[in-house]
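Analysis of the macromolecular model
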Amino acid sequence: ALSQKTIDIIKSTVPVLEVHGVTITSTFYKNMFSNHPELLNIFNHANQSQGRQQTALANMVLAAAKNIDQLESVLPAVVQVAHKHRGLGVKPEHYPIVGKHLLEAIKEVLGDAATDEIINAWAEAYGVIAQVFIDIETNMYESAKGQIGGWGDFKELEVVDKVKESDVITSFYFKAKDGQPLPTYEPGQYITVRVQIPGEKYMLNRQYSLSCAPGNDYYRISVKREADFEPNGKVSNYIHDHLNVGDTIEASAPAGNFILNMEETAPVALISGGVGLTPMMSMLETLVNSNSDREVTFIHSARNERVHAFSKEACEMAGNLQNGRCYYAYQDPVNKDGGHHFTGHFTKEFLAEKISNDTICYVCGPVPFLKNIVTMLSELGVSDENIRYEFFGPAMALEKV
Ligand code: HEM
């Protein structure tokens, strides 16, 4: 345990560091990657260049440091990050590397104020925080390996089918290249796909939600093509263009804690924007497969019919439920006369009609969509506990949307 003195030093320096959080982590990343370029095989370069990951790691270390004497309070956030780390192959031996460069960055930012005492206190605190991650992640690797057909890091999967779902979304079906069965997963989980793209110096990793219910002998991801200038689209566009039946990629075992809780019986709403519908498809199909009598409301927003994937499947599945409904909104519909969809964005009045305040809401989509929906649900009286969301890109740490 840390001494009271160490705790006091940490708590008194956090506010200073908070002001320089972004500077600390950008210094930290720059130095770490120049000393350990191999780590660029793990980190997302697009996130680095956009500065998003910097903020996430900095905020989380500072948030943890602030709560150093009651780390239980940050555990839920740690678990979510640990899923991501496990899905990326982050290992205990990486933590001292991160720690060393983080401390050096703290030293640089504090300048003369960085006494030995302060630096030693931070070294100790980082050690305690890192150990919390390491312990959780070690358990996650063990349990991933312990599943039937399971594995710890990356495994080669072979494309067994490629299906166009809309103008921009294409599904890829995978089996294990070695012929082993694939481990089961929870509806809502994702896999990390790792590819070596010709001309790229380092491997690139991206997370994709599994888009169908567990229980099949394959995995399916459904990937959106992005604009060419969008750095985050590099992997998506590469696999759209170059990954075909018979080709292989490397993948992590399924990870993530944005999952449908099948023990709950309250009404459930699955609310998605764009390609955020992929985990919802898995959740919806799981509800159908279990013959659930829950009240299920599937709500999806897309630019138009052409980019909308699974429009038929989702409505059919909702129709097969004892108590299921399905609604679509198109911002710029091809079919201008309305049809069975709404034109524009879902409004608070619409949500108020479809959702009661005991409805458990799962929300996934791009950040602006998510912010909008989560705000409306809160205003309608849905509790924080019943608003569960996941968005694309790195979590802005503990910041609430
Ligand atoms: C992502 C915190 C150590 C590699 C993240 C995120 C946070 C975080 C908050 C964003 C989560 C999200 O995107 O949802 C921390 C903290 C650490 C730590 C507090 C130390 C106590 C490490 C280590 C490694 C690592 C040792 C491996 C060298 C990554 C990677 C990502 C990530 C690769 C994904 C973002 C990207 O691809 O750029 N971490 N992390 N982290 N972390 Fe860590």
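The coordinates are above.
Residues numbered from 1 in each chain as written. Predicted model: local features only at pLDDT ≥ 70, side-chain atom pairs only at ≥ 80, totals over all residues. Heavy atoms only, no water.

1. Description of the side chain of Ser166
Tracing the backbone shows Ser166 in the loop between β1 (155-164) and β2 (169-176). Since its relative accessible area comes to 7%, Ser166 is described here as buried. Apart from residues no more than four positions distant in its own chain, Ser166 is found in contact with Arg306, Val307, His308 and Ala309. (Helix = DSSP H or I, 4+ residues; strand = E, 2+ residues; numbered from the N terminus. Buried < 20%, exposed > 50% of the residue type's maximum accessible area, 1.4 Å probe, protein only. Contact = heavy atoms within 4.5 Å.)

2. Looking at the coordination of the iron atom of the ligand
Ideal coordination angles are 109.5 degrees for a metal with four donors arranged tetrahedrally and 90 or 180 degrees for a metal with six donors arranged octahedrally. A lone protein donor contacts the iron atom of the ligand, and this donor is His85 (NE2), found at 2.1 Å. Mapped onto the elements, His85 comes out in helix α5 (residues 75-88). (Donors = N, O, S within 2.8 Å, 3.2 Å for Na, K, Ca; no water.)

3. Topic: the sheet that holds strand β6 (residues 248-251)
Reading across the sheet, the six strands line up as β4-β3-β6-β1-β2-β5 and stay open at both edges, with antiparallel pairing between neighbours. Where the open sheet ends on each side, the last strands, each with one partner, are β4 (204-209) and β5 (219-224). In this sheet, adjacent strand axes meet at a mean angle of 40° when their direction is disregarded. Pairing geometry for β1 and β2, over seven bridges, is antiparallel. Bridged to Val159 within β2 is Phe174. In this fold α5 packs onto β3 (190-195) and β4, with an angle of close to 35° to the strand it touches most, β3. (Pairing = 2+ DSSP bridges. Axes fitted to C-alpha atoms, helices over the stretch in contact; angles between N-to-C directions.)

4. Quick notes on empty space enclosed by the protein
Counted by the stated rule, this structure contains three cavities of 30 Å³ or more. Volume-wise, the largest cavity comes out at about 60 Å³. Gly21, Ile24, Ala58, Val61, Leu62, Leu102 and Ile106 together form the lining of the largest cavity. Split by residue class, the lining of the largest cavity holds six nonpolar, one polar and no charged. (1 Å grid on protein atoms, 1.4 Å probe; cavity = no way out; pocket = protein on both sides within 12 Å on 5 of 7 lines; lining within 4 Å. Points joined across faces, edges and corners; volume = space filled by probe spheres on them. Nonpolar A, V, L, I, M, F, W, Y, C, P; charged D, E, K, R; others polar.)

5. Quick notes on helix α8 (residues 234-242)
Each turn of an α-helix holds 3.6 residues, which means side chains three or four residues apart point in the same direction. Among all positions of α8, only Val235, Ser236, Asn237, Ile239 and His240 are buried. Buried positions along α8 lie against β1, β2, β3, β4 and β5.

6. Points about unusual backbone geometry
In this structure, Asn291 is a non-glycine residue whose phi angle is positive, near 55°. Looking at where Asn291 falls in the secondary structure, it is placed in the loop between α9 (277-289) and β8 (296-302). The class for Asn291 is exposed, based on a relative accessible area of 51%. Positive phi, close to 60°, is recorded for Phe310, a residue that is not glycine.

7. What to know about the pattern of salt bridges
Close approach of charged atoms allows side chains with opposite charge to pair. Inspection of every chain in the model, using the stated rule, returns 18 salt bridges. Between Arg194 and Glu250 there is a salt bridge, and its shortest N-O distance comes to 2.9 Å. Highlighted residues: Arg194 in strand β3 and Glu250 in strand β6, separated in sequence by 56 residues. Ionic contacts of the salt-bridge type, sharing partners, join the residues Glu264, Glu385 and Arg388 into one network. (Salt bridge = Lys/Arg side-chain N within 4 Å of Asp/Glu carboxyl O.)

8. Some words on the layout of surface pockets
By volume, the second largest pocket amounts to about 230 Å³. Lining the second largest pocket are 13 residues, and of these Arg86, Gln147, Thr184, Gln189 and Pro254 sit closest to its centre. The biggest single contributor to the lining of the second largest pocket is helix α7 (residues 116-146), with three residues. Residue composition of the lining of the second largest pocket, by class: six nonpolar, five polar and two charged.

Any functional reading would require information beyond the geometric quantities listed.
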